[in-house]
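Below, each chain spelled out in residue letters.
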Amino acid sequence: MAILFQFGTTDFTANVERVEDSIPQRVSTESVPRRHGAVVTETPVLDVRRFAFTLSYFGTTRALARTQLDTWLVAFASFALAGRDKLYLDSDRYIWAYYEDAGPVEWIDGNAMQAFRMSVSFVSAEPFFEDGTATSVDQVCSYNPTAWSHTNSGTVLVYPTITILANQGTDVVAPALTNSTTGKTSTYAGTVSSGNSLVIDCANFTVANNGTSDFANFSGTFLWLNAGSNSMSYAGANACTVRIAYNPRYLA
């Protein structure tokens, strides 16, 4: 697969000369007054991820080189205003990133200012790439409880959007979902009327019954899926369909 450098809809693939990708780890600490030290969280976490690209352009005239440079600088200025967007290094995966900096411009010797290179960098608070193709799997739960296995094809954990569809002809009362692989359960104390749905967005910590926020009836944990196989189960009054949707995530 060809290397790609694209931010949003702007493609720089043909001009990529060098790519640097750094994934630092951080140990969380909290200073304690008069202790002359800190409380340390022993498990390190992945910190802000940085990408640095070196771009080059070789033109046949000074005018063409100047026009190309102008085009890039206008694009970088728009990135600064756009905020977070998708950064692609391959056409099938992206990472949510922010434009950080560009420059300096280096005019390449011996080319009469017809060729130049420059650097541009991005930062990502989310260290994982996402698959460009979303996964969405439905499980009909016709009895209580219903157990099944769900495979997360990514290489790291992911927080899915879970939808409980009351599409089996009855109301769904007090549904509960458990991922036995992680030992966590999500419980909803309300009722999902027949024909409606309950949407639990585990990445953004929201709960909506038929489009209306109802966090008050939610308890337990917003579920995540480990990489690989996850043992899922549903418990609740009456049948339903459980939909698990997400974009698999990767470190590269």
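Look above for the structure.
Treat the numbers as computed from the prediction; the structure is a model and nothing was measured.

**Some points on the overall build of the chain**
- When its secondary structure is counted, the chain shows 1 helix and 25 strands.
- A compact globule built from 252 residues would reach a C-alpha radius of gyration of about 18 Å, whereas the chain, at 24 Å, exceeds it by more than 25%.
- The principal-axis extents of the C-alpha atoms in the chain amount to approximately 75 × 55 × 30 Å.
- With 252 residues in all, the chain has 38% of them scored as buried.
- Here the analysis covers contacts within the chain between residues at least 6 apart in sequence; of these, 70% occur between residues at least 24 apart.
- A total of about 13,200 Å² of accessible surface is found on the chain, and carbon and sulfur atoms cover 51% of it.
- In the chain, 15 side chains carry a positive charge and 22 a negative one; their mean positions are 5 Å apart.

**Focus on the pairing of strand β15 (residues 161–165)**
- Along β15, 4 of the 5 residues are buried, which leaves the element largely enclosed by surrounding structure.
- Where β15 meets strand β24 (residues 240–246), 5 bridges bridge the pair, whose relative direction is antiparallel. From the neighbouring strand, T161 faces β24, where its bridge partner is A245.

**A short note on the pattern of salt bridges**
- Overall, the coordinates contain 7 salt bridges when judged by the stated rule.
- Three or more residues are tied together by salt bridges with common partners; here these are E17, E106 and R117.

**Some details on the sheet that holds strand β20 (residues 206–209)**
- Taken together, 6 strands build an open sheet; the order of strands is β13-β24-β15-β19-β20-β21 and the sheet is antiparallel. Single-partner strands in this sheet number two, and they are β13 (135–141) and β21 (212–213).
- Alignment of β13 against β24, held across 7 bridges, turns out to be antiparallel. Bridging across to β24, S136 finds its partner in A245.

**Here we look at the packing of aromatic side chains**
- Enumeration according to the criterion identifies 25 aromatic pairs in this entry.
- Where F76 meets Y99, the ring centres are 6.0 Å apart and the plane angle is 15°; that geometry is what we call stacked. With a gap of 23 residues between them, F76 in helix α1 (residues 62–82) and Y99 in strand β10 (residues 93–107) connect regions that are remote in the sequence.
- Classification of F76 as buried rests on a relative accessible area of 2%.
- For Y99, a relative accessible area of 19% translates into the label buried.
- Following the ring pairs from residue to residue traces out a cluster consisting of F5, F7, F12, F53, Y57, W72, F76, F79, Y99, W107, F116 and F122.
- Sitting over the ring of Y94, K86 keeps its end group 4.4 Å from the ring centre.
- Residue placement shows R93 over the ring face of Y250; its charged tip is 3.5 Å from the ring centre.

**Digging into the state of the cysteines**
- Scanning the entire structure with this criterion turns up 0 disulfides.
- Residue C141 stays outside any disulfide, its sulfur separated by 4.7 Å from that of C240, the closest cysteine.
- Residue classification places C141 among the buried positions, given a relative accessible area of 0%.
- C202 forms no disulfide, and the closest cysteine sulfur to it belongs to C240, at a distance of 15 Å.

**Quick word on the side chain of T182**
- Among the secondary structure elements, T182 is positioned in the loop between β16 (172–179) and β17 (184–188).
- Contacts of T182, omitting those with residues within four sequence positions, involve W224 and N226.

Criteria and thresholds
Residues numbered from 1 in each chain as written. Predicted model: local features only at pLDDT ≥ 70, side-chain atom pairs only at ≥ 80, totals over all residues. Heavy atoms only, no water. Helix = DSSP H or I, 4+ residues; strand = E, 2+ residues; numbered from the N terminus. Rg over C-alpha atoms; globule rule 2.2 N^0.38 Å. Buried < 20%, exposed > 50% of the residue type's maximum accessible area, 1.4 Å probe, protein only. Contact = heavy atoms within 4.5 Å. Areas by Shrake-Rupley, 256 points an atom, 1.4 Å probe, with all protein chains shown as cover. Lys, Arg positive; Asp, Glu negative; His and termini not counted. Charge placed at Lys NZ, Arg CZ, Asp CG, Glu CD. Pairing = 2+ DSSP bridges. Salt bridge = Lys/Arg side-chain N within 4 Å of Asp/Glu carboxyl O. Phe/Tyr/Trp six-rings, centres within 6.5 Å; stacked < 30°, edge-to-face > 60°. Lys NZ or Arg CZ within 6 Å of the ring centre and 35° of its normal. Disulfide = S-S within 2.5 Å.

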